[in-house]
Amino acid sequence: MTSDVRESRPAAGREIELAISGMTCASCAMRIERKLNKLDGVTATVNYATEKAKVTYGDGVEPEQLVNQVEAAGYSAVLPRPATATAEAEADSGEEDSTRPLRQRLIGSLVLSVPVVLLAMVPALQFTYWQWISLTLAAPVVVWAGWPFHRAAWANLRHGAATMDTLISMGTLAAFLWSLYALLFGSAGEPGMTHPFELTIQRMSGDANIYLEVAAAVTTFILAGRYFEARSKRRAGAALRALLELGAKDVAVLRGGSEERIPTGQLAVGDRFVVRPGEKIATDGVIEEGSSAVDASMLTGESVPVEVAPGDSVVGATVNSGGRLVVRATRIGSDTQLAQMAKLVEQAQTGKAAVQRLADRISAVFVPIVIALAVGTLAFWLGAGGAVSAAFTAAVAVLIIACPCALGLATPTALLVGTGRGAQLGILIKGPEVLESTRRIDTIVLDKTGTVTTGKMALVDVHVADGVGQEEALRLAGALENASEHPIAQAIARGAEERVGSLPAVDDFTNIEGLGVQGVVDGRAVLVGRTALLEEWSQHLPPALAEAKAAAERQGKTAVAVGWDGRARAVLVVADTVKSTSAEAIGQLRGLGLTPVLLTGDNEAVAKAVAAEVGIEQVIAEVLPKDKVDVVKRLQGEGKVVAMVGDGINDAAALAQADLGLAMGTGTDVAIEASDLTLVRGDLRVAADAIRLARRTLGTIKGNLFWAFAYNVAALPLAAAGLLNPMIAGAAMAFSSVFVVSNSLRLRRFRSTTTDATSPERDSNGAVAVKEPVAAR
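Thresholds, definitions, all that
- Residues numbered from 1 in each chain as written.
- Predicted model: local features only at pLDDT ≥ 70, side-chain atom pairs only at ≥ 80, totals over all residues.
- Heavy atoms only, no water.
- Helix = DSSP H or I, 4+ residues; strand = E, 2+ residues; numbered from the N terminus.
- Buried < 20%, exposed > 50% of the residue type's maximum accessible area, 1.4 Å probe, protein only.
- Contact = heavy atoms within 4.5 Å.
- Areas by Shrake-Rupley, 256 points an atom, 1.4 Å probe, with all protein chains shown as cover.
- Pairing = 2+ DSSP bridges.
- Axes fitted to C-alpha atoms, helices over the stretch in contact; angles between N-to-C directions.
- UniProt positions renumbered as here; feature names shortened; annotations may be inferred.
- Patch = residues over 30% accessible without salt bridge, like charges linked within 9 Å, V, L, I, M, F, W, Y side chains within 5 Å.
- Salt bridge = Lys/Arg side-chain N within 4 Å of Asp/Glu carboxyl O.
- Lys, Arg positive; Asp, Glu negative; His and termini not counted.
- Charge placed at Lys NZ, Arg CZ, Asp CG, Glu CD.
- pLDDT = per-residue confidence, 0-100.
- Core = buried A, V, L, I, M, F, W, Y, C linked by side-chain atoms within 4.5 Å.
- Parallel < 35°, antiparallel > 145°, perpendicular 65-115°, else oblique.
- Left-handed = near helix turned anticlockwise from the far one by under 90°.
- Nonpolar A, V, L, I, M, F, W, Y, C, P; charged D, E, K, R; others polar.

Draft legend 1. Spatial organisation of the overall build of the protein chain. Of the regular secondary structure elements, the protein chain holds 28 helices and 26 strands. Every one of the 777 residues in the protein chain was classed for burial, and the buried ones make up 53%. Counting contacts in the protein chain only where the partners sit at least 6 residues apart, residues at least 24 apart contribute 71% of the total. Per element, the accessible surface of the protein chain, about 31,800 Å² overall, is 56% carbon and sulfur.

Structure, rendered in structure tokens:
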């Protein structure tokens, strides 16, 4: 391991990231963190969810010392390889390797445990020497399949801590070893031994009882829960891989007057490359030739393409929507904006504190009590002059009954039913840690575009000159715009078609770059675009239309001028619109005790118009994409527990930083992967449903954990008195398991507060328009 570190050691810098393995709970992360921070000049943050440690260290510390310190705590640490083309393969293979052994243990445990449980619980199946078959089948389950729990329990013991792993290991080993003793040295191994199905309370010889089914079933149930959790954790790095996959794979570089196709990774600063319409821009750069509209929606979430011309900067991974561009590369590799955003997401994920499992917190108190009770039981019986075998029987019985089988079902069953019901309502919950976050949040930050608003341009208003009909203006302008591929043109064409029906054909269509379009419709020469285009043909806007255009732009709308037959005759207003369900959603979020905050890059006037429409009082406007994560950090620094709802790549880091991240399923893959909850539909009301469902599921898990312990704790006095019948132990296990499953199934009755949870999102053309001013062409 040390040699790997030497090869991977950074040439300079005092900050490093270690990949940690061997952690089983959040308390493991805290122990590693304390161990690292004991070194002089070292500040470490360890995250259990991402299995990474972010370490800042001084000149006197070498990376090898950090790794050795982690190993001294009983865990493993390596430095991840640099993010290259092999990163995805490495991550995939690493994640497969981490879950495959667990899956193999689960399958093996399940196959071997079922007959053990059946033989113990069904007297009719107890043939001669059945107990020895049970031992043969249960031994691999307890020793091999349960090894991760025993290893973790040993690590915990060395540090004087107790977690759920300690409870599982202690209970299963106690049951198995006592059964082994009873079979080898007691009367349990004799031919004809049976477990009669009777719930009598009487003192009996401990060496006649075996508890192999308890040891096998508990191991299997807990393994199942761990496997499903590990499978969900495999996606931890998916947001970063999704970001890296967004970039162009190859690029046409200009060399010696001709184009040469090369992999993007071979680009150098200063290289000139060609971007054709529909292609992704390979890296950050400056335009040297051509003009176009660049679609940056996958990065920013903003629906309107940005007009670019020579001298303008462009960002890698955005899409060229218009003409041919020649771009000079200014930043490559890890210096690009895309790579910086990936770094922000990674830092936010690493710094996000994982919530310690509720079961671990209970176990930290419960285990010492059970051990003390077992030791006290042994001492009492020996002090009272009882037989040594009877004293040990009572003490071991305490340990066995204290390990609740239903503990393994408590979280997985509630999570399974809760996530299943959520999926029916368009809500995807990623893991149990997410549920604990929903309980504490008090502030919800809402991205504007695509979250509160539709994120799509729509025709929202039509202003016409005196003597001109709206229908005529829409028919002529819509026909001409229908021949253009520009998003604003398409919005006008769709709006016109919805209002006036089918549109006529266009002759002599011409796209005038950066200004608009012209053509002949029904024998009329029509111009649509910027006012500058119309003014070139001496078509000036009359005062009423000029005022309408100015008013629209003051409100953050995009105004497009229309002229025909030698006169400017109309102004069409295009904008993003507020979703028809957003105001209702804000009311529901307030009802859950949350304070909504609108976060946007738009100017303050536009943002306040949106906020007023949907009922949000607090607005944070004019925020650059890279600064959104800082806004979340600032709110957290003020003591708020923050949820964030967004849909763009620029929201990903903020989603990861927030205590609870909710991504709109209509948004980018990166935002979805960086979030904790995904809202499949683009309806903001589902965010309120998601929080209610997550809180309900958490409450169910808490109830499950209580009853999982309660049934078994109730039998503790019987165990301490030496009156524990194997059937009572089995019944306690069965009843607690049945109760936990039944309690979890109640989540299927969860109902959405929306009027129609399955209806598609509806747009309203009359909704308040909210978009920053953008030139039509």
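Moving on, there is more to tell.
Draft legend 2. The arrangement of the pairing of strand E3 (residues 52-56) in detail. The two faces of E3 differ: Ala 53 and Val 55 on one face are buried, but Lys 52, Lys 54 and Thr 56 on the other face are not. Of the pairings in the sheet, the one linking strand E1 (residues 15-21) to E3 comprises 5 bridges and is antiparallel in character. Bridge pairing in E3 links Ala 19 to Lys 52. Here 5 bridges tie strand E2 (residues 43-47) to E3, and the two strands are oriented antiparallel to one another. Bridge assignment links Thr 43 to a residue of E3, and that residue is Thr 56.

Draft legend 3. Region of the structure containing the sheet that holds strand E22 (residues 595-599). Read across the open sheet, the 7 strands follow the order E14-E26-E25-E24-E15-E22-E23; overall the sheet is mixed. Two strands bound the open sheet, and with one partner strand each, they are strand E14 (427-429) and strand E23 (618-620). Going across the sheet, the axis of each strand differs from the next one's by a mean of 20°, ignoring polarity. Relative to strand E24 (residues 642-646), strand E15 (residues 443-447) runs parallel, the two being bridged by 4 bridges. Following the sheet pairing, Val 445 is matched in E24 by Met 644.

Draft legend 4. Examining the pairing of strand E18 (residues 516-521) more closely. Where strand E17 (residues 506-512) meets E18, 5 bridges bridge the pair, whose relative direction is antiparallel. From the neighbouring strand, Val 506 faces E18, where its bridge partner is Val 521. The turn joining E17 and E18, which pair antiparallel and follow one another in sequence, is formed by 3 residues; a positive phi near 80° is taken by Gly 514. Of the pairings in the sheet, the one linking E18 to strand E19 (residues 524-529) comprises 6 bridges and is antiparallel in character. Looking across to E19, one finds that Val 520 is bridged to Ala 525.

Draft legend 5. Main features of the UniProt feature "transmembrane region" (unreviewed entry) in the protein chain. When the UniProt feature table is mapped onto this chain, "transmembrane region" (unreviewed entry) is found at residues 106-123, 129-147, 167-188, 208-228, 362-384, 390-417, 705-721 and 727-745. In residues 106-123, helix accounts for 89% and strand for 0%; the two terminal C-alpha atoms are 27 Å from one another. With 81% helix and 0% strand, the stretch residues 208-228 has end C-alpha atoms that lie 37 Å from each other.

Draft legend 6. Geometry of the sheet that holds strand E13 (residues 325-331). Pairing within the open sheet is antiparallel, and its 6 strands lie in the order E6-E5-E7-E13-E8-E11. Both edges of this open sheet fall to strand E6 (258-263) and strand E11 (313-314), since each of them pairs with a single strand only. Sheet topology places strand E7 (residues 272-275) next to E13; 4 bridges connect them, and they run antiparallel. In the strand pairing of E13, Phe 273 is matched with Val 327.

Draft legend 7. How the structure looks around a positive patch on the surface. A cluster of basic side chains, namely Arg 696, Arg 746, Arg 748, Arg 749 and Arg 751, defines a positive patch on the protein surface. Residue class for Arg 751 comes out exposed when judged on its relative accessible area of 54%.

Draft legend 8. Examining the confidence of the model for the protein chain more closely. Averaged over the protein chain, the pLDDT score is 80; the fraction of residues at 70 or greater is 82%. Across residues 83-97 the pLDDT falls below 50, and counting only partners more than four positions away or on other chains, this stretch makes 9 contacts in the model. Below pLDDT 50 for its whole length, residues 755-777 participates in 77 contacts with residues either more than four positions away or in separate chains.

Draft legend 9. Focus on the pattern of salt bridges. Using the criterion set out here, one finds 24 salt bridges in the structure. A salt bridge links Glu 259 to Arg 276, with the shortest nitrogen-to-oxygen separation between them at 2.8 Å. Here Arg 276 lies in the loop between E7 and strand E8 (284-289) and Glu 259 lies in strand E6, a separation of 17 residues in the sequence. Judged by relative accessible area, Glu 259 falls into the partly exposed class, the value being 35%. You can call Arg 276 partly exposed: its relative accessible area is 31%. One salt bridge connects Lys 628 with Asp 651, and the closest N-O pair in it is separated by 2.8 Å. In this pair, Lys 628 sits in helix H23 (residues 628-637) while Asp 651 sits in the loop between E24 and helix H24 (652-657), placing the two residues 23 residues apart along the sequence. The burial state of Lys 628 is the same as that of Asp 651; both residues are buried. Residues joined in a network through salt bridges with shared partners are Arg 272, Glu 288, Glu 289 and Arg 328.

Draft legend 10. Seen up close, the side chain of Lys 628. Lys 628 gets classed as buried once you look at its relative accessible area, which sits at 3%. Beyond its immediate sequence surroundings of up to four residues, Lys 628 is in contact with Asp 447, Leu 599, Val 623, Asn 650, Asp 651 and Ala 654.

Draft legend 11. Representation of a nonpolar patch on the surface within the structure. Taken together, Leu 110, Val 114, Leu 118, Val 122 and Leu 125 make up a surface patch of nonpolar side chains, about 390 Å² in accessible area. One can find Leu 125 in the loop between helix H4 (87-121) and helix H5 (130-145). Owing to a relative accessible area of 40%, Leu 125 belongs among the partly exposed residues under this scheme.

Draft legend 12. Structural context of the nonpolar core. By size, the foremost hydrophobic cluster in this structure holds 49 residues, and its most contacted members are Ile 210, Leu 212, Val 370 and Ile 400. Breaking this core down by element, the ones donating at least two residues are H4, H5, helix H7 (164-185), helix H8 (212-233), helix H12 (358-383), helix H13 (388-402) and helix H27 (716-720). In terms of residues, this core owes the most to one element, H7, which gives 10 residues. Excluding its chain neighbours within four sequence positions, the residues that come into contact with Ile 400 are Ala 174, Ala 175, Tyr 211 and Val 214. Grouped together as the second largest cluster of nonpolar side chains are 46 residues, Val 641, Leu 662, Ala 687 and Ile 701 included.

Draft legend 13. How the structure looks around the packing of helix H21 (residues 582-591) against helix H26 (residues 685-714). At a minimum axis distance of 7 Å, the contact between H21 and H26 shows a crossing angle of 25°. Here H21 lies roughly parallel to H26, going by the angle between them. Once H21 is placed against H26, the crossing between them reads as left-handed. Where H21 abuts H26, its residues Glu 584, Ala 585, Gln 588 and Leu 589 lie against Arg 685, Ala 687, Ala 688 and Ile 691. Tallied by class, residues from the contact of H21 with H26 come to 5 nonpolar, 1 polar and 2 charged.

Draft legend 14. Just the environment of Ala 317, in detail. Looking at the element boundaries, Ala 317 is found in the loop between E11 and strand E12 (319-320). With 71 residues separating them along the chain, Ala 317 and Leu 246 place their C-alpha atoms 5.9 Å apart.

Draft legend 15. A look at unusual backbone geometry. Despite not being glycine, Asp 522 has its phi angle at roughly 50°, a positive value. Its location among the elements puts Asp 522 in the loop between E18 and E19. Take Asp 522: its relative accessible area is 46%, and that puts it in the partly exposed class. Positive phi, normally seen in glycine, also occurs at Glu 622, with a value near 55°. For Glu 622, the position within the fold is in the loop between E23 and H23.

Draft legend 16. Representation of the environment of Arg 34. Along the chain, the position of Arg 34 falls in helix H2 (residues 26-37). Distance in space between the C-alpha atoms of Arg 34 and Val 46 is 9.4 Å, their sequence separation being 12 residues.

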